[in-house]
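Summary of the model geometry
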Amino acid sequence: MESIRWIWGYMRKHKIQFSFGIFLALSVTFLNLLNPYFSGRIVDDVIKGNQSHLLWKLLGLMAAVTVCKTVIRYCYQMLFEKVSQSVVFVLRKEMYDKLNRLDFGFFDKTRTGDIMARMTGDMEAVRHFTAWAMYMIFENSMMLLLALCFMFYIHPPLALILLTVTPVIGYVAYRLSTDVQPTFTAIREQFSKLNSVVQENISGNRVVKAFGKEDYEIEKFLVQNGDFKEKNLISSRIWSKYLPVLDSLAGMLLVLMIFAGGTMVIQGSLTIGELVTFNSLLWALNNPMRMAGWLANDVQRFIASARKIQALLQTEPEIVNSPQAKVPQNLNGHISFSNVSFSYGDEKVLENITFHVRPGQTVGIIGPTGSGKSTLMSLLCRFYDVTGGGIFVNGVNVKEWDVRKLREHIALVMQDVFLFSDTIEGNIAYGIPDASVEAVQTAAKKAEAHEFISRLPDGYDTIIGERGVGLSGGQRQRIALARAILKDAPFLILDDTTSAVDMETELCIQRTLRTVFQNKICFTIAHRISSVKDADLILVMEGGRITEQGTHEELLRKQGYYYKVYQNQFGNADNYVSGEGVV
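What counts and how
Residues numbered from 1 in each chain as written. Predicted model: local features only at pLDDT ≥ 70, side-chain atom pairs only at ≥ 80, totals over all residues. Heavy atoms only, no water. Helix = DSSP H or I, 4+ residues; strand = E, 2+ residues; numbered from the N terminus. Rg over C-alpha atoms; globule rule 2.2 N^0.38 Å. Buried < 20%, exposed > 50% of the residue type's maximum accessible area, 1.4 Å probe, protein only. Contact = heavy atoms within 4.5 Å. Areas by Shrake-Rupley, 256 points an atom, 1.4 Å probe, with all protein chains shown as cover. Lys, Arg positive; Asp, Glu negative; His and termini not counted. Charge placed at Lys NZ, Arg CZ, Asp CG, Glu CD. Pairing = 2+ DSSP bridges. Axes fitted to C-alpha atoms, helices over the stretch in contact; angles between N-to-C directions. Core = buried A, V, L, I, M, F, W, Y, C linked by side-chain atoms within 4.5 Å. Salt bridge = Lys/Arg side-chain N within 4 Å of Asp/Glu carboxyl O. Phe/Tyr/Trp six-rings, centres within 6.5 Å; stacked < 30°, edge-to-face > 60°. Lys NZ or Arg CZ within 6 Å of the ring centre and 35° of its normal. Patch = residues over 30% accessible without salt bridge, like charges linked within 9 Å, V, L, I, M, F, W, Y side chains within 5 Å. Disulfide = S-S within 2.5 Å.

A separate point is the overall build of the protein. A count of helices and strands for the protein gives 22 helices and 10 strands. What you see for the protein is a C-alpha radius of gyration of 36 Å, clearly larger than the 25 Å of a compact globule of 583 residues, by over 25%. C-alpha atoms of the protein, sized along the principal axes, occupy 125 × 50 × 45 Å. Evaluated residue by residue, the protein yields a buried proportion of 48% over its 583 residues. The long-range fraction of contacts in the protein, counting pairs at least 24 apart against all pairs at least 6 apart in sequence, stands at 77%. Summing over all exposed atoms, the protein offers an accessible surface of approximately 29000 Å²; the carbon and sulfur share of this is 57%. Charge separation in the protein, taken as the distance between the mean sites of 59 positive and 57 negative side-chain charges, equals 6 Å.

Okay, here's the thing in structure tokens:
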């Protein structure tokens, strides 16, 4: 019932349309009982009573009832479909809004295929329930009830005999509903896993082909597909256990009616016309009983899907604004990391990070893979919250700033460059949608991207593939850099941004950045010494700690990790330290 109450919360806005649809369904249910009544009248009054003048009148009424039923049924089916689509529209919007507000932590732990299953398969189950199953449950329930009332009105003894079967059918339908529910939950879970395998294979198809792992991926898919098939078969075995019993019990009504009704006709307590009416009404008992099992399946499918959707909608982001969150107007001051620590679950990622940056300074961050360089900047952007210490911007803890407004003051070029399936101009102007063409081109020139963009067939109107397919790694990086430059934020974070460009292009980009961000703070995460050697402050990170910090010259003199990296990349560190060479 919890899921029913939940979905009714969305349908309440359409309660007038819903109520009118229910009224129309009730009208059709009532009309369904008229033709059996007219059939009995034809037998008793026309055939046996020799009142032939009533034949055409009764046939005309039966035809009129049939046409009315068809028109009314079409109307309320379309009405329920409209309500259903409106409900699903709002649900999809809420789910998409929720997904855009959830933190990195949620996406770190949740499979993409699971999210897509909720947005597609689970949503379709909700649509089917609100567009079809709801009114079918009401229609079949009312049909059963009215048919029984009509039968009791015509001949109570025969109606009572037929009624003896219905409690057994109700019990079997209840058992089916109870036993099948866990299987639908398992099916939804397995469908999510299957979706994840497909999504990962499509996203990583170039890696698959590069390593010749097509057969391996096919086998991995077959395993998940086989599990999905097995879980559906488990569910179908439960259906096959109960549905034949339901069908058999419904079919027994005909045998019972012919036996009991025929006996009563012979005895004279029931007319042939009344028996014909009962025979015509029998489908009004049979059909709801046969449908009970299938409707129970639909209800349980809905409940399983509704719980998945509810779970997503009830998930709350961990990164939230404090009640007294401050809205920054012009964040262009100092940034301080004070004894910052961060753990991801039980894993310690950063420990006791402390440094201070002034406006106009550039900070270079270097260190081995997995040392926590990118995580450090993620904490500044509040993609995650620190577990110890604090980060201060303009002297205020970042937790006290409005999180969205804080991020608006940060231009970030991530290590994993993501470009949308859009034009190059649209990708560069993503942060500033109303930017002029001239501004976009200026940003592209500063990122050393204008030249290669101009050579493309459609220039800035070139549609690039998903995630930038069709562009080289260096081209994608430069477009992402142009996007950050156009944002013109007071803080710039470059996470290994020039790793895929040649040294000459990197030198031009760095020269431009020094001019563009002259009075701003720039963080550069890199593996190349050439990317950080001109920074005002260089942080060397190892194992989640800052092991060295200083300028290029100071770090070379210390002859630590930075010195070794420089020696490996340039091979002349000894000459520099002895004064025989200059970097």
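With mixed pairing, 6 strands are arranged side by side in an open sheet as 6-7-8-3-9-10. Each edge of the open sheet is held by one strand with a lone partner, namely strand 6 (410–413) and strand 10 (545–550). Taken over all neighbouring pairs, the strand axes of this sheet differ in orientation by 15° on average, direction set aside. Pairing of strand 9 (residues 537–542) with strand 10 involves 5 bridges; the strand directions are antiparallel. Paired with V540 across the strands is E548, a residue of strand 10. Of the strands in this sheet, strand 3 (362–366), strand 9 and strand 10 touch helix 21 (residues 561–570), which is tilted by about 95° from strand 9.

This next bit is on the sheet that holds strand 5 (residues 396–397). The strands that make up a sheet pair up through hydrogen bonds in the backbone, lying either parallel or antiparallel. Strand order across the open sheet formed by 4 strands is 2-1-4-5, with antiparallel pairing between neighbours. Where the open sheet ends on each side, the last strands, each with one partner, are strand 2 (347–357) and strand 5. Where strand 4 (residues 388–393) and strand 5 come together, 2 bridges link them in antiparallel fashion. Looking across to strand 5, one finds that V393 is bridged to V396. Relative to the sheet, helix 12 (residues 373–380) contacts strand 1 (335–344), strand 2 and strand 4, its axis offset from that of strand 1 by approximately 115°.

With that settled, consider the nonpolar core. Formed by 46 residues in total, the largest nonpolar core has its most connected members in W6, I7, Y76, L91 and I309. Mapped by element, the contributors of at least two residues to this core are helix 1 (2–11), helix 2 (15–32), helix 3 (34–48), helix 4 (53–101), helix 6 (112–154) and helix 11 (272–314). W6 has contacts with L91, A306, I309, Q310 and L313, leaving out every residue within four places of it along the chain. Counting 37 residues, the second largest nonpolar core, distinct from the first, contains F150, F184, L281 and A284.

Right, let's get into the pattern of salt bridges. As a working rule, side chains carrying opposite charge can pair if their charged atoms are close by. Applying the stated criterion across every chain, the model contains 18 salt bridges. Residue E124 pairs with R127 through a salt bridge whose shortest N-O separation is 3.0 Å. In this pair, E124 and R127 are both assigned in helix 6, 3 residues apart and thus about one turn of the helix distant. The residue R175 makes a salt bridge to D179 at a minimum N-O spacing of 3.7 Å. In this pair, R175 and D179 are both assigned in helix 8 (residues 166–203), 4 residues apart and thus about one turn of the helix distant. A single salt-bridge network, built from bridges that share partners, covers D114, R118, E189 and K308.

Within strand 8 (residues 521–525), 5 of the 5 residues are buried, leaving the element largely enclosed by the surrounding structure. With burial as the criterion, each face of strand 8 is covered, one bearing I521, F523 and I525 and the other bearing C522 and T524. Here 4 bridges tie strand 3 to strand 8, and the two strands are oriented parallel to one another. Looking at strand 8, one finds that G364 is bridged to T524. Direction of pairing for strand 7 (residues 491–495) relative to strand 8: parallel, over a ladder of 5 bridges. Across the sheet, residue I493 finds its bridge partner in strand 8, namely F523.

So, about the side chain of E217. Turning to its location among the elements, E217 is positioned in helix 10 (residues 214–267). Not counting residues within four places of it along the chain, the set of residues in contact with E217 comprises N201 and V208.

Let us look at helix 12. Counting buried positions along helix 12 gives 7 out of 8 residues, so the element sits mostly inside the fold. Three or more residues of helix 12 are buried, namely K373, T375, L376, M377, S378, L379 and L380. One or two positions beyond helix 12, positive phi appears at R382, with a value near 60°.

Let us look at the packing of aromatic side chains. Counting across every chain of the model gives 19 aromatic pairs. Among the aromatic side chains, those forming a connected cluster through ring pairs are W8, F18, Y76, F80 and Y135. Above the plane of the ring of Y216 lies K213, whose end atom (NZ or CZ) is 4.7 Å from the centre.

In this section: a nonpolar patch on the surface. Taken together, the side chains of F418, F420 and Y430 present a nonpolar region at the surface, about 290 Å² in accessible area. Judged by relative accessible area, F420 falls into the partly exposed class, the value being 33%.

A few words on the pairing of strand 9. The buried count for strand 9 comes to 5 of 6 residues, which makes it a mostly enclosed element. Relative to strand 9, strand 3 runs parallel, the two sharing 4 bridges. Bridge pairing in strand 9 links I365 to L539. Counted between consecutive antiparallel strands, the loop separating strand 9 from strand 10 contains 2 residues, among which G543 sits at a positive phi close to 60°.

Examined against the element boundaries, A484 turns out to sit in helix 17 (residues 473–487). Counting along the chain gives 145 residues from A484 to N339, while the straight-line C-alpha distance between them is 29 Å. Leave out the neighbours within four places in its chain, and A484 touches A411, V413 and L492.

It is worth spelling out the state of the cysteines at this point. As enumerated under the stated definition, the model contains 0 disulfides in all. Its sulfur unpaired, C68 is 11 Å from the next cysteine sulfur, which belongs to C75. The cysteine C381 is free of any disulfide, with C522 supplying the nearest cysteine sulfur at 13 Å.

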